[in-house]
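Chain and residue survey
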Amino acid sequence: MPLNVAIQMDPIGQVRIAGDTGFSLMLEAQARGHRLFTYTPDKLTLRDGKVTAAINPVTVRDVEGDHYTLGEAERTDLSTLDVVLLRQDPPFDMAYVSSTHMLERIHPKTLVVNDPAEVRNAPEKLFVTHFPELMPPTLITRDRAEIEAFRDEFGEIVMKPLYGHGGATVFKTGKGDPNFGSLCDLFANLFREPWVVQRFMKEVSEGDKRIILIDGKAAGAVNRVPAEGDLRANMVRGGAARPTDLSKRELEICERIGPALRERGLLLVGIDVIGGYLTEINVTAPTGVRAIKKLGGPDLAAQLFDVIEAKRAASR
């Protein structure tokens, strides 16, 4: 049975379709005959307990520069839809948090993917700390004395903002670095929240593996190799996508965290693994689905919609 599927996303005209997971989900929904709509988070409205948005019917094409056609917007009660895909990009700020509070009003009558309350409660760099035995040594603080002690213990460290995304503002520093004080000042001026400090892993030069889990099960992976002279492997920062298989250790990581993901209704999750250590659990708008398929891996958009359709059928 066709579903009414809306995707809450950034403006569709700005989407870089070659690597956008949300766009791959739109293509899959359309191919299955579902009715497809799109809207941006600023169109959400809460009045008298009802959540509405001005949504546009949309058709999509896998053609760069001509990838969509929008119909006329119509304000719609989102609880009348079958599925909402929560796919706007971070930053995970108060605007993002506010949208999860509003979408929480319609879930699970309307299936929101991922569960908005759990997205709010599982920020990428904080949720992962529930699994310290899987992580490299990690410190979350803005206390400079603590950071200095951590650096003294481990030598080379990486500092990044707690709610950062896409590899932005990630720095490597070590003992004797004359820029360390300025770096701490920069972070203190830019970010009110604590920062993430981790032991630097030289294995990142071999790749930062993005593993996609669907309904708590490992479904596919891509290895992202940093560009020469850069420690960041994010593809938006020039990292190169390479095909990969999962090691025994990586499968163990997925099996360890899978039950927690299923319990929280986090159907589409991307984790980052470097040198056998879990560094992030991405639940807001995880990427990698298109890259995995292009490199000869499985069709994860199809796998996710199998799960979505099964959940909708079970709820009727």
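What comes next concerns the included structure. (Residues numbered from 1 in each chain as written. Predicted model: local features only at pLDDT ≥ 70, side-chain atom pairs only at ≥ 80, totals over all residues. Heavy atoms only, no water.)

1. Considerations on the side chain of Gln-198
Within the secondary structure layout, Gln-198 lies in strand β12 (residues 195-199). Engagement of the side chain of Gln-198 in a polar contact is seen with the side chain of Lys-160, the distance being 3.5 Å. Beyond its immediate sequence surroundings of up to four residues, Gln-198 is in contact with Met-135, Pro-136, Pro-137, Thr-138, Phe-150, Ile-157, Val-158, Lys-160 and Thr-279. (Helix = DSSP H or I, 4+ residues; strand = E, 2+ residues; numbered from the N terminus. Polar contact = N/O pair within 3.5 Å; in protein donor to acceptor, adjacent residues only side chain to side chain. Contact = heavy atoms within 4.5 Å.)

2. So, the sheet that holds strand β16 (residues 268-274)
Taken in spatial order, the five strands line up as β15-β14-β13-β16-β17 in an open sheet, and their pairing is antiparallel. In this open sheet, the two strands that pair with only one neighbour each are β15 (240-242) and β17 (277-282). Within this sheet the neighbouring strands show an average axis-to-axis angle of 30°, counted without direction. In this sheet, β17 lies alongside β16 in antiparallel orientation, the contact comprising five bridges. The residue bridging Val-273 from the neighbouring strand is Leu-278, located in β17. (Pairing = 2+ DSSP bridges. Axes fitted to C-alpha atoms, helices over the stretch in contact; angles between N-to-C directions.)

3. A word on the pattern of salt bridges
A complete count under the given rule lists 19 salt bridges for this structure. Its salt-bridge partner being Glu-280, residue Lys-125 comes within 3.5 Å of it at the nearest N-O pair. Here Glu-280 lies in strand β17 and Lys-125 lies in helix α4 (residues 124-127), a separation of 155 residues in the sequence. With a relative accessible area of 7%, Lys-125 lands in the buried category. The exposure class assigned to Glu-280 is buried, which follows from its relative accessible area of 12%. Here the residues in one salt-bridge network are Glu-28, Arg-32, Asp-306 and Glu-309, joined through shared partners. (Salt bridge = Lys/Arg side-chain N within 4 Å of Asp/Glu carboxyl O. Buried < 20%, exposed > 50% of the residue type's maximum accessible area, 1.4 Å probe, protein only.)

4. Remarks on a nonpolar patch on the surface
On the surface, a nonpolar cluster with roughly 250 Å² of combined accessible area is contributed by Phe-171, Leu-186 and Leu-190. Within the secondary structure layout, Phe-171 lies in strand β11 (residues 171-173). Judged by its relative accessible area of 31%, Phe-171 falls in the partly exposed class. (Patch = residues over 30% accessible without salt bridge, like charges linked within 9 Å, V, L, I, M, F, W, Y side chains within 5 Å. Areas by Shrake-Rupley, 256 points an atom, 1.4 Å probe, with all protein chains shown as cover.)

5. Observations regarding the nonpolar core
Within the largest apolar cluster, 39 residues are counted, with the highest numbers of intra-cluster contacts made by Tyr-39, Leu-78, Leu-103, Ile-257, Ile-271, Leu-278 and Ile-281. Of all elements in the fold, only β2 (35-39), β4 (50-60), β7 (83-86), α2 (94-104), β13 (208-214), α7 (248-263), β16 and β17 reach the threshold of two or more residues within this core. Excluding anything up to four places from it in sequence, Leu-103 contacts Gln-8, Tyr-39, Leu-44, Leu-78, Val-84, Leu-86, Val-112 and Pro-116. (Core = buried A, V, L, I, M, F, W, Y, C linked by side-chain atoms within 4.5 Å.)

6. As for the side chain of Ser-79
Following the sequence through the fold, Ser-79 ends up in the loop between β6 (74-77) and β7. Engagement of the side chain of Ser-79 in a polar contact is seen with the side chain of Asp-77, the distance being 2.7 Å. Excluding residues that lie within four positions of it along the chain, Ser-79 makes contacts with Val-51, Ile-106, Lys-109 and Thr-110.

7. Observations regarding the pairing of strand β14 (residues 217-225)
Here seven bridges tie β13 to β14, and the two strands are oriented antiparallel to one another. Directly across from Lys-209, in β14, lies its bridge partner Asn-223. Linkage of β13 to β14, two consecutive antiparallel strands, is achieved through a turn of two residues, within which Asp-215 is found at a positive phi near 50°. Note: β14 against β15, three bridges, orientation antiparallel. In the strand pairing of β15, Arg-224 is matched with Ala-241.

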